[in-house]
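One letter stands for each residue in the lines below.
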Amino acid sequence: MLQISNLSKTYPNGVHALKNVSLNIGNGMFGLLGPNGAGKSSLMRTIATLQDADSGTIMFGDIDVTKNKAELRKVLGYLPQEFGVYPNVSAEEMLHYIARLKGVVNDGERKELVKALLEQVNLYQHRNKYLAGYSGGMKQRFGIAQALIGSPKLIIVDEPTAGLDPAERLRFNNLLSEIGENIVIILSTHIVDDVSELCNDMAIIANGQVMQQGHPEKLTEALNDKIWAKRIRKDEVAAYQDKYKVILSRLSSGQVMVYVNSDMDPGNGFASVKPTLEDIYFSNIA
Ligand code: ADP
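Here's a quick rundown of the structure.

Cut-offs and rules
- Along each chain, the written sequence defines residue order, and numbers are assigned to residues from 1.
- Thresholds applied to this predicted model are a pLDDT of at least 70 for local features of residues and 80 or more for the giving and counting of side-chain atom pairs; totals over whole chains, interfaces and linings are not thresholded and use all residues.
- Side-chain numbers here rest on the full set of heavy atoms in the structure, without hydrogens or water.
- Note on ring pairs: Phe, Tyr and Trp rings are taken, using the six-membered ring of Trp, and paired if centres are within 6.5 Å. Classes follow the plane angle, with under 30 degrees stacked, over 60 edge-to-face and the rest tilted.
- With a 1.4 Å probe rolled over the protein chains alone, any residue whose accessible area is under 20% of its type maximum counts as buried; one over 50% counts as exposed, and the rest are partly exposed.
- A positively charged side chain is recorded as over a ring if its NZ (Lys) or CZ (Arg) lies within 6 Å of the ring centre. The angle to the ring normal must also be within 35 degrees.
- For this description, a residue counts as near a given molecule or strand if any of its non-hydrogen atoms is within 4 Å of it.
- Contacts described as polar in this section are N or O atom pairs within 3.5 Å, which, within protein, must combine one atom able to donate a hydrogen with one able to accept it, while residues neighboring in sequence count only if both atoms come from side chains.
- Accessible surface area values rest on a Shrake-Rupley calculation with a 1.4 Å probe, where residue burial reflects the displayed protein chains alone.
- Labels follow the DSSP assignment, with helices taken as runs of H or I lasting at least four residues and strands as runs of E lasting at least two, numbered in each case from the N terminus.
- All residues other than Ala, Val, Leu, Ile, Met, Phe, Trp, Tyr, Cys, Pro, Asp, Glu, Lys and Arg, Gly among them, are scored as polar; the first ten of these are nonpolar and the last four charged.

**What to know about the packing of aromatic side chains**
1) Next: Counted under the stated rule, the structure contains four aromatic pairs.
2) Next: Their ring planes at 25 degrees and their centres at 5.5 Å tell us that Tyr240 and Tyr244 sit as a pair that is stacked. Across this residue pair, the class does not change: Tyr240 and Tyr244 are buried.
3) Next: Through pairs of rings, three or more aromatic residues link up here, namely Tyr240, Tyr244 and Phe270.
4) Next: In this structure, Lys115 is placed above the aromatic ring of Tyr124, and the distance from its NZ or CZ to the ring centre is 5.6 Å.
5) Next: The ring of Tyr124 is capped by Arg127, whose NZ or CZ atom sits 4.0 Å from the centre of that ring.

Here's what the structure looks like:
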(Lines give C-alpha, C1' and ligand atoms only; values in the text may rest on other atoms or scores of the structure.)
Protein backbone atom coordinates (compact mmCIF):
# COMPACT_ATOMS: atom_id res chain seq x y z
CA MET A 1 0.00 0.00 0.00
CA LEU A 2 1.25 3.44 -0.96
CA GLN A 3 0.15 6.17 1.42
CA ILE A 4 0.66 9.74 0.35
CA SER A 5 -0.20 12.27 3.06
CA ASN A 6 -0.48 16.04 2.81
CA LEU A 7 2.15 16.45 0.13
CA SER A 8 2.83 20.05 -0.93
CA LYS A 9 5.35 21.51 -3.36
CA THR A 10 6.05 25.05 -4.52
CA TYR A 11 8.73 25.49 -7.19
CA PRO A 12 11.25 28.33 -6.87
CA ASN A 13 9.33 30.25 -9.56
CA GLY A 14 6.32 30.36 -7.22
CA VAL A 15 4.20 27.69 -8.96
CA HIS A 16 2.26 25.80 -6.29
CA ALA A 17 2.32 22.43 -8.06
CA LEU A 18 1.04 20.17 -5.25
CA LYS A 19 -1.43 21.35 -2.63
CA ASN A 20 -1.90 19.03 0.33
CA VAL A 21 -2.17 15.89 -1.79
CA SER A 22 -3.29 12.75 0.07
CA LEU A 23 -3.95 9.40 -1.63
CA ASN A 24 -4.10 5.77 -0.52
CA ILE A 25 -3.20 3.41 -3.33
CA GLY A 26 -3.44 -0.37 -3.12
CA ASN A 27 -2.33 -3.16 -5.45
CA GLY A 28 -3.52 -3.03 -9.04
CA MET A 29 -3.64 -0.31 -11.65
CA PHE A 30 -4.31 3.16 -10.28
CA GLY A 31 -5.15 5.97 -12.69
CA LEU A 32 -4.01 9.49 -11.91
CA LEU A 33 -6.05 11.58 -14.32
CA GLY A 34 -5.59 15.29 -14.85
CA PRO A 35 -5.05 17.94 -17.51
CA ASN A 36 -1.62 19.21 -18.51
CA GLY A 37 -0.11 21.24 -15.71
CA ALA A 38 -2.25 19.57 -13.02
CA GLY A 39 0.79 18.37 -11.07
CA LYS A 40 0.87 14.72 -12.16
CA SER A 41 4.56 14.62 -13.08
CA SER A 42 5.49 16.57 -9.96
CA LEU A 43 3.71 13.90 -7.89
CA MET A 44 5.21 11.01 -9.90
CA ARG A 45 8.74 12.40 -9.62
CA THR A 46 8.29 12.89 -5.87
CA ILE A 47 7.10 9.30 -5.38
CA ALA A 48 9.97 8.10 -7.58
CA THR A 49 12.40 9.94 -5.22
CA LEU A 50 13.65 12.24 -7.98
CA GLN A 51 12.54 15.40 -6.24
CA ASP A 52 11.58 16.46 -2.75
CA ALA A 53 8.28 17.86 -1.59
CA ASP A 54 8.24 20.84 0.78
CA SER A 55 6.05 18.97 3.26
CA GLY A 56 4.09 15.76 3.65
CA THR A 57 4.97 12.09 3.80
CA ILE A 58 4.98 9.07 1.49
CA MET A 59 4.97 5.56 2.90
CA PHE A 60 5.27 2.47 0.70
CA GLY A 61 4.55 -0.45 3.01
CA ASP A 62 6.95 0.28 5.84
CA ILE A 63 9.38 2.28 3.69
CA ASP A 64 9.35 5.97 4.55
CA VAL A 65 10.01 7.14 1.00
CA THR A 66 11.17 10.68 1.71
CA LYS A 67 13.67 9.49 4.34
CA ASN A 68 14.81 6.27 2.73
CA LYS A 69 15.09 6.84 -0.99
CA ALA A 70 17.54 3.99 -1.60
CA GLU A 71 15.07 1.42 -0.18
CA LEU A 72 12.27 2.67 -2.39
CA ARG A 73 14.47 2.64 -5.49
CA LYS A 74 15.14 -1.08 -4.96
CA VAL A 75 11.44 -1.87 -5.46
CA LEU A 76 10.62 0.82 -8.00
CA GLY A 77 10.14 0.58 -11.76
CA TYR A 78 9.77 3.99 -13.40
CA LEU A 79 8.85 5.05 -16.91
CA PRO A 80 9.32 8.82 -16.95
CA GLN A 81 7.40 11.18 -19.19
CA GLU A 82 10.60 12.16 -20.97
CA PHE A 83 13.01 9.28 -21.35
CA GLY A 84 15.67 11.61 -22.65
CA VAL A 85 17.87 10.79 -25.60
CA TYR A 86 17.62 7.33 -27.09
CA PRO A 87 21.12 6.22 -27.87
CA ASN A 88 22.53 4.33 -30.81
CA VAL A 89 22.55 1.04 -28.97
CA SER A 90 20.22 -1.89 -29.42
CA ALA A 91 17.34 -2.62 -27.06
CA GLU A 92 19.04 -5.86 -26.06
CA GLU A 93 22.34 -4.16 -25.20
CA MET A 94 20.56 -1.42 -23.26
CA LEU A 95 18.51 -3.88 -21.21
CA HIS A 96 21.69 -5.81 -20.38
CA TYR A 97 23.30 -2.57 -19.28
CA ILE A 98 20.37 -1.51 -17.07
CA ALA A 99 20.02 -5.02 -15.63
CA ARG A 100 23.69 -4.99 -14.69
CA LEU A 101 23.21 -1.59 -13.01
CA LYS A 102 20.26 -3.00 -11.11
CA GLY A 103 22.42 -5.80 -9.79
CA VAL A 104 21.67 -8.73 -12.10
CA VAL A 105 25.35 -9.70 -12.35
CA ASN A 106 25.04 -13.38 -13.27
CA ASP A 107 25.47 -13.60 -17.07
CA GLY A 108 23.15 -16.55 -17.63
CA GLU A 109 20.43 -15.15 -15.39
CA ARG A 110 20.67 -11.76 -17.08
CA LYS A 111 20.48 -13.27 -20.57
CA GLU A 112 17.32 -15.13 -19.65
CA LEU A 113 15.79 -12.05 -18.05
CA VAL A 114 16.51 -9.81 -21.05
CA LYS A 115 15.09 -12.39 -23.46
CA ALA A 116 11.93 -12.81 -21.36
CA LEU A 117 11.45 -9.04 -21.13
CA LEU A 118 11.92 -8.53 -24.87
CA GLU A 119 9.35 -11.24 -25.52
CA GLN A 120 6.94 -9.82 -22.95
CA VAL A 121 6.91 -6.38 -24.57
CA ASN A 122 6.88 -7.82 -28.08
CA LEU A 123 10.26 -6.43 -29.12
CA TYR A 124 12.23 -9.65 -29.40
CA GLN A 125 12.29 -9.52 -33.18
CA HIS A 126 13.55 -5.91 -33.00
CA ARG A 127 16.11 -6.59 -30.27
CA ASN A 128 19.09 -5.71 -32.45
CA LYS A 129 17.71 -2.42 -33.75
CA TYR A 130 19.03 0.84 -32.36
CA LEU A 131 16.66 2.43 -29.85
CA ALA A 132 17.09 5.73 -31.67
CA GLY A 133 15.29 4.20 -34.65
CA TYR A 134 12.35 2.83 -32.66
CA SER A 135 8.82 4.19 -33.22
CA GLY A 136 7.04 5.98 -30.36
CA GLY A 137 5.14 2.84 -29.41
CA MET A 138 8.27 0.68 -29.47
CA LYS A 139 10.11 3.20 -27.29
CA GLN A 140 7.30 3.09 -24.72
CA ARG A 141 7.27 -0.71 -24.74
CA PHE A 142 11.02 -0.67 -24.27
CA GLY A 143 10.41 1.74 -21.39
CA ILE A 144 8.16 -0.82 -19.74
CA ALA A 145 10.75 -3.57 -20.24
CA GLN A 146 13.42 -1.53 -18.45
CA ALA A 147 10.95 -0.59 -15.70
CA LEU A 148 10.21 -4.29 -15.07
CA ILE A 149 13.84 -5.22 -14.39
CA GLY A 150 14.36 -6.21 -10.78
CA SER A 151 10.76 -7.38 -10.17
CA PRO A 152 9.51 -4.01 -8.88
CA LYS A 153 6.66 -3.79 -6.39
CA LEU A 154 5.78 -0.26 -7.43
CA ILE A 155 5.64 0.80 -11.07
CA ILE A 156 5.10 4.38 -12.14
CA VAL A 157 4.28 5.22 -15.74
CA ASP A 158 3.99 8.92 -16.49
CA GLU A 159 1.81 9.85 -19.51
CA PRO A 160 2.86 6.78 -21.49
CA THR A 161 0.32 6.98 -24.29
CA ALA A 162 0.59 10.70 -25.10
CA GLY A 163 1.81 10.88 -28.69
CA LEU A 164 1.05 7.26 -29.60
CA ASP A 165 -1.25 6.49 -32.52
CA PRO A 166 -4.43 4.50 -31.69
CA ALA A 167 -2.96 1.10 -32.61
CA GLU A 168 0.22 1.71 -30.63
CA ARG A 169 -1.84 2.95 -27.70
CA LEU A 170 -3.97 -0.18 -27.69
CA ARG A 171 -0.89 -2.37 -27.83
CA PHE A 172 0.73 -0.46 -25.00
CA ASN A 173 -2.38 -0.57 -22.81
CA ASN A 174 -2.73 -4.32 -23.44
CA LEU A 175 0.83 -4.72 -22.24
CA LEU A 176 0.17 -2.65 -19.11
CA SER A 177 -2.94 -4.67 -18.31
CA GLU A 178 -0.86 -7.87 -18.32
CA ILE A 179 1.78 -6.72 -15.85
CA GLY A 180 0.07 -8.22 -12.84
CA GLU A 181 -2.20 -7.37 -10.02
CA ASN A 182 0.02 -8.04 -7.05
CA ILE A 183 1.98 -4.84 -7.36
CA VAL A 184 1.07 -1.16 -7.28
CA ILE A 185 1.01 0.41 -10.74
CA ILE A 186 0.34 4.12 -11.08
CA LEU A 187 -0.63 5.33 -14.51
CA SER A 188 -0.55 9.09 -14.89
CA THR A 189 -2.46 10.36 -17.91
CA HIS A 190 -4.65 13.09 -19.32
CA ILE A 191 -6.48 10.54 -21.49
CA VAL A 192 -9.78 9.55 -19.90
CA ASP A 193 -10.04 6.32 -21.93
CA ASP A 194 -6.70 5.06 -20.58
CA VAL A 195 -8.19 5.15 -17.11
CA SER A 196 -11.59 3.70 -18.00
CA GLU A 197 -9.93 0.86 -19.92
CA LEU A 198 -7.31 -0.08 -17.35
CA CYS A 199 -7.91 1.13 -13.82
CA ASN A 200 -10.03 -0.11 -10.95
CA ASP A 201 -9.10 2.82 -8.75
CA MET A 202 -8.35 6.38 -9.73
CA ALA A 203 -8.02 10.00 -8.71
CA ILE A 204 -8.66 13.20 -10.58
CA ILE A 205 -6.07 15.91 -9.99
CA ALA A 206 -6.40 19.53 -11.07
CA ASN A 207 -4.39 22.60 -10.08
CA GLY A 208 -2.27 20.50 -7.74
CA GLN A 209 -5.28 19.22 -5.79
CA VAL A 210 -6.98 15.85 -5.59
CA MET A 211 -10.57 16.47 -6.66
CA GLN A 212 -11.92 12.89 -6.48
CA GLN A 213 -10.71 9.40 -5.66
CA GLY A 214 -12.51 6.10 -6.15
CA HIS A 215 -13.58 3.35 -8.50
CA PRO A 216 -14.31 4.86 -11.94
CA GLU A 217 -17.81 3.34 -12.07
CA LYS A 218 -18.64 4.52 -8.56
CA LEU A 219 -17.50 8.03 -9.40
CA THR A 220 -19.64 8.18 -12.51
CA GLU A 221 -22.66 6.77 -10.62
CA ALA A 222 -22.60 9.92 -8.53
CA LEU A 223 -23.57 11.86 -11.65
CA ASN A 224 -26.60 9.68 -12.48
CA ASP A 225 -29.54 11.86 -13.62
CA LYS A 226 -27.35 14.96 -13.57
CA ILE A 227 -25.90 15.03 -17.07
CA TRP A 228 -27.98 16.57 -19.85
CA ALA A 229 -27.08 16.92 -23.49
CA LYS A 230 -28.36 18.93 -26.42
CA ARG A 231 -27.29 19.45 -30.02
CA ILE A 232 -26.89 23.16 -30.80
CA ARG A 233 -25.31 25.39 -33.44
CA LYS A 234 -21.70 26.45 -33.04
CA ASP A 235 -22.68 30.11 -32.72
CA GLU A 236 -24.92 29.26 -29.74
CA VAL A 237 -22.15 27.79 -27.57
CA ALA A 238 -21.18 31.02 -25.79
CA ALA A 239 -24.79 31.76 -24.86
CA TYR A 240 -25.23 28.25 -23.45
CA GLN A 241 -22.03 28.58 -21.48
CA ASP A 242 -23.39 31.76 -19.90
CA LYS A 243 -26.73 30.21 -19.05
CA TYR A 244 -25.82 26.63 -18.01
CA LYS A 245 -23.06 24.75 -16.20
CA VAL A 246 -21.53 23.41 -19.43
CA ILE A 247 -18.93 20.74 -18.64
CA LEU A 248 -18.12 19.70 -22.19
CA SER A 249 -18.95 20.68 -25.73
CA ARG A 250 -18.04 18.34 -28.51
CA LEU A 251 -18.28 18.67 -32.28
CA SER A 252 -20.71 16.24 -33.82
CA SER A 253 -21.43 16.24 -37.57
CA GLY A 254 -20.55 19.92 -37.82
CA GLN A 255 -22.82 20.85 -34.92
CA VAL A 256 -22.04 20.90 -31.24
CA MET A 257 -23.24 18.60 -28.46
CA VAL A 258 -23.22 20.47 -25.19
CA TYR A 259 -23.24 18.55 -21.92
CA VAL A 260 -24.40 20.31 -18.78
CA ASN A 261 -24.35 19.29 -15.15
CA SER A 262 -27.66 20.06 -13.47
CA ASP A 263 -29.60 18.50 -10.58
CA MET A 264 -32.85 19.38 -12.32
CA ASP A 265 -34.06 19.03 -15.91
CA PRO A 266 -32.80 22.22 -17.59
CA GLY A 267 -35.72 22.00 -20.09
CA ASN A 268 -35.18 23.79 -23.39
CA GLY A 269 -34.74 20.53 -25.32
CA PHE A 270 -32.02 18.98 -23.15
CA ALA A 271 -32.18 15.19 -22.72
CA SER A 272 -30.80 13.15 -19.84
CA VAL A 273 -27.76 11.04 -20.77
CA LYS A 274 -25.88 8.31 -18.92
CA PRO A 275 -22.83 9.84 -17.25
CA THR A 276 -19.37 8.75 -18.37
CA LEU A 277 -15.97 9.09 -16.81
CA GLU A 278 -15.39 11.98 -19.19
CA ASP A 279 -18.30 13.83 -17.57
CA ILE A 280 -16.88 13.38 -14.09
CA TYR A 281 -13.46 14.45 -15.37
CA PHE A 282 -14.71 17.62 -17.03
CA SER A 283 -16.99 18.42 -14.07
CA ASN A 284 -13.92 18.42 -11.84
CA ILE A 285 -11.44 20.29 -13.95
CA ALA A 286 -13.80 22.99 -15.26
P1 ADP B 1 1.46 17.60 -15.31
O2 ADP B 1 2.41 16.45 -15.25
O3 ADP B 1 0.11 17.27 -14.74
O4 ADP B 1 1.37 18.21 -16.67
P5 ADP B 1 3.50 19.08 -13.82
O6 ADP B 1 3.72 18.42 -12.52
O7 ADP B 1 4.48 18.83 -14.92
O8 ADP B 1 2.00 18.74 -14.33
O9 ADP B 1 3.39 20.64 -13.62
C10 ADP B 1 2.60 21.25 -12.61
C11 ADP B 1 2.90 22.74 -12.59
O12 ADP B 1 4.23 22.93 -12.10
C13 ADP B 1 2.86 23.39 -13.96
O14 ADP B 1 2.38 24.71 -13.78
C15 ADP B 1 4.32 23.41 -14.38
O16 ADP B 1 4.57 24.46 -15.27
C17 ADP B 1 5.02 23.60 -13.06
N18 ADP B 1 6.36 22.96 -13.02
C19 ADP B 1 6.65 21.66 -13.24
N20 ADP B 1 7.97 21.41 -13.07
C21 ADP B 1 8.53 22.59 -12.74
C22 ADP B 1 9.86 23.01 -12.42
N23 ADP B 1 10.88 22.15 -12.39
N24 ADP B 1 10.06 24.31 -12.11
C25 ADP B 1 9.03 25.19 -12.11
N26 ADP B 1 7.75 24.88 -12.39
C27 ADP B 1 7.49 23.60 -12.70
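**Section: the site of the ligand**
1) Next: Lining the immediate surroundings of the ligand are 13 residues, of which Gly37, Gly39, Lys40, Ser41 and Ser42 lie closest.
2) Next: Between the ligand and Gly39 there is a distance of 3.0 Å, counted from an oxygen atom to a backbone nitrogen or oxygen.
3) Next: Coverage of the ligand by the protein chains reaches 65% of its 560 Å² of free accessible surface.
4) Next: By residue number, the principal contributor to the shell around the ligand is helix H1 (residues 40-47), which donates four residues.
5) Next: In the shell around the ligand, the residues fall into five nonpolar, six polar and two charged.

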